[in-house]
Amino acid sequence: MPDWKKLIEGKIAIAKKGAAPGKLGDNIRVPAGQKQVSNFPVLDMGIKPWIGTSEWRLRVYGLVENELDLDWAAYKALPQITDISDFHCVTRWSQLDMDWQGVRARDVLALAMPLSNAKFVTMHGYDGYTTNLPLEALLDDDVLIAHSVLGQTLTKDHGGPVRMVVPKRYAWKGAKWLKAIELHEHDRRGFWEVRGYHNKADPFLEQRFSDDE
Ligand SMILES: Nc1nc2c(c(=O)[nH]1)N[C@H]1C(S)=C(S)[C@@H](COP(=O)(O)O)O[C@H]1N2
Ligand SMILES: [Mo]
């Protein structure tokens with residue numbers, strides 16, 4: 001008989017310490033195939049639009065009762081929260097304990113009042129980027145429409161002034177330079193999802209490529 005108590009205590013100790021890549025406990029914080037980093041790399045298509053807060057708008061449209069066109073003041077007037085989460089990029093780096101600040105996506109969606117047939121969303125960036133998710137995935141506590149991380153307002157490189165963060169999916173599911181959230185009845189694949197990336201993108205299931213769907 002294995003010494004269960006010792007085993008469980010050992011695992012809990014590892015979980016509390018946080019994960020070290022390549023050691024037992026990887027799957028607690030750092031998913032399989034990922035390496036922990038702390039330099040917050042930049043990844044995008046290379047077009048980095050600069051949108052000042054005075055020009056920035058966030059539209060929520062499609063299958064909603066109340067279409068939104070929020071300006072900076074309206075966005076900043078919404079309940080602001082901080083959520084600490086881990087960031088997993090499909091290019092195999094993960095950065096832990098990212099303290100995103102902003103507004104919960106579900107608070108914005110509640111204002112827009114999705115119609116009952118709204119089941120999927122497309123997030124649009126000012127660079128023309130798109131990515132898709134089920135509407136339900138945006139209702140989680142940790143999904144933020146964020147303006148700051150690591151104690152600073154978002155730089156242009158990281159999607160400032162405002163980006164989406166969806167911690168339970170690979171990072172490509174969070175649009176930088178967020179411009180709009182569009183609600184549909186049927187799923188529409190986004191920029192990477194039509195180019196070979198997995199539609200679901202759960203890092204703990206290693207849903208990297210569409211071949212595995
Ligand atoms: N608008 C927009 N959002 C985007 C991208 C992009 O090219 N354009 N790249 C995605 C990808 S592939 C990743 S891994 C993350 C990277 O975010 P970071 O550059 O802040 O690390 O942004 C995602 N969001
Ligand atoms: Mo990515």
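Just so it is clear, the model here is predicted, and its values are computed rather than measured.

Novice: Which residues make up the nonpolar core, and what values go with them?
Specialist: Core analysis: the biggest nonpolar cluster contains 37 residues, and Leu138, Ile145, Met164 and Ile181 have the highest contact counts within it. Listing elements by their share of this core, those giving two or more residues are strand S2 (57-62), strand S3 (68-71), helix H4 (105-112), strand S6 (120-125) and strand S11 (178-184). Setting aside chain neighbours within four positions, we find Ile145 in contact with Leu58, Tyr75, Gly102, Val103, Ala105, Val108, Val162, Arg163, Met164, Leu178 and Ile181. Counting residues in each nonpolar core, the second largest holds 14 residues, with Phe40, Met98, Val149 and Val165 among its members.

Novice: Let's hear about the packing of aromatic side chains: which residues, and what values?
Specialist: Given two aromatic rings, their pairing is described by the distance between the two centres and the angle made by the two planes. Tallied over the full model, the rule gives 13 aromatic pairs. Considering the side-chain rings of Trp56 and Tyr75, the 5.2 Å spacing of their centres and the 65° angle between planes classify their relative orientation as edge-to-face. You can see Trp56 sitting in the loop between strand S1 (35-36) and S2 and its partner Tyr75 sitting in helix H3 (residues 72-76), a full 19 residues away along the chain. Across this residue pair, the class does not change: Trp56 and Tyr75 are buried.

Novice: Before we move on, can you summarise the site of ligand 1 with the specific residues and values?
Specialist: Around ligand 1, the surrounding shell holds 20 residues, and the nearest of these are Pro41, Asp127, His158, Arg163 and Lys176. The separation between an oxygen atom of ligand 1 and a polar main-chain atom of Met45 is 3.0 Å. Here an oxygen atom of ligand 1 and a side-chain polar atom of Arg163 are 2.6 Å apart. Protein chains bury 98% of the 530 Å² of accessible surface belonging to ligand 1 in isolation. For the shell around ligand 1, the residue count by class is 14 nonpolar, 2 polar and 4 charged.

Novice: Can you tell me about the side chain of Asp142, naming the residues and giving the values?
Specialist: Here Asp142 lies in the loop between strand S7 (130-134) and strand S8 (144-149). Relative accessible area serves as the criterion here: at 14%, Asp142 is assigned to the buried category. Of note is the side chain of Asp142, whose polar atom sits 2.9 Å from the side chain of Lys168. Other than its neighbours up to four places away in sequence, Asp142 contacts Asp83, Val165, Pro167 and Lys168.

Novice: Lay out the pattern of salt bridges in plain terms, naming residues and giving numbers.
Specialist: Overall, the coordinates contain 13 salt bridges when judged by the stated rule. For Lys48, the salt bridge identified is with Asp44, shortest N-O distance 2.7 Å. Judged by relative accessible area, which is 27%, Lys48 ranks as partly exposed. Judged by relative accessible area, Asp44 falls into the partly exposed class, the value being 30%. The shortest N-O distance in the salt bridge between Arg106 and Asp141 comes to 2.7 Å. Linking Arg106 in helix H4 with Asp141 in the loop between S7 and S8, this pair joins segments that are 35 residues apart in sequence. With a relative accessible area of 31%, Arg106 lands in the partly exposed category. Several salt bridges share partner residues, and in doing so they unite Asp44, Lys48, Asp157 and Lys176 into one network.

Parameters at a glance
- Residues numbered from 1 in each chain as written.
- Chains lettered and ligands numbered in written order.
- Predicted model: local features only at pLDDT ≥ 70, side-chain atom pairs only at ≥ 80, totals over all residues.
- Heavy atoms only, no water.
- Core = buried A, V, L, I, M, F, W, Y, C linked by side-chain atoms within 4.5 Å.
- Buried < 20%, exposed > 50% of the residue type's maximum accessible area, 1.4 Å probe, protein only.
- Helix = DSSP H or I, 4+ residues; strand = E, 2+ residues; numbered from the N terminus.
- Contact = heavy atoms within 4.5 Å.
- Phe/Tyr/Trp six-rings, centres within 6.5 Å; stacked < 30°, edge-to-face > 60°.
- Near = heavy atom within 4 Å.
- Polar contact = N/O pair within 3.5 Å; in protein donor to acceptor, adjacent residues only side chain to side chain.
- Areas by Shrake-Rupley, 256 points an atom, 1.4 Å probe, with all protein chains shown as cover.
- Nonpolar A, V, L, I, M, F, W, Y, C, P; charged D, E, K, R; others polar.
- Salt bridge = Lys/Arg side-chain N within 4 Å of Asp/Glu carboxyl O.

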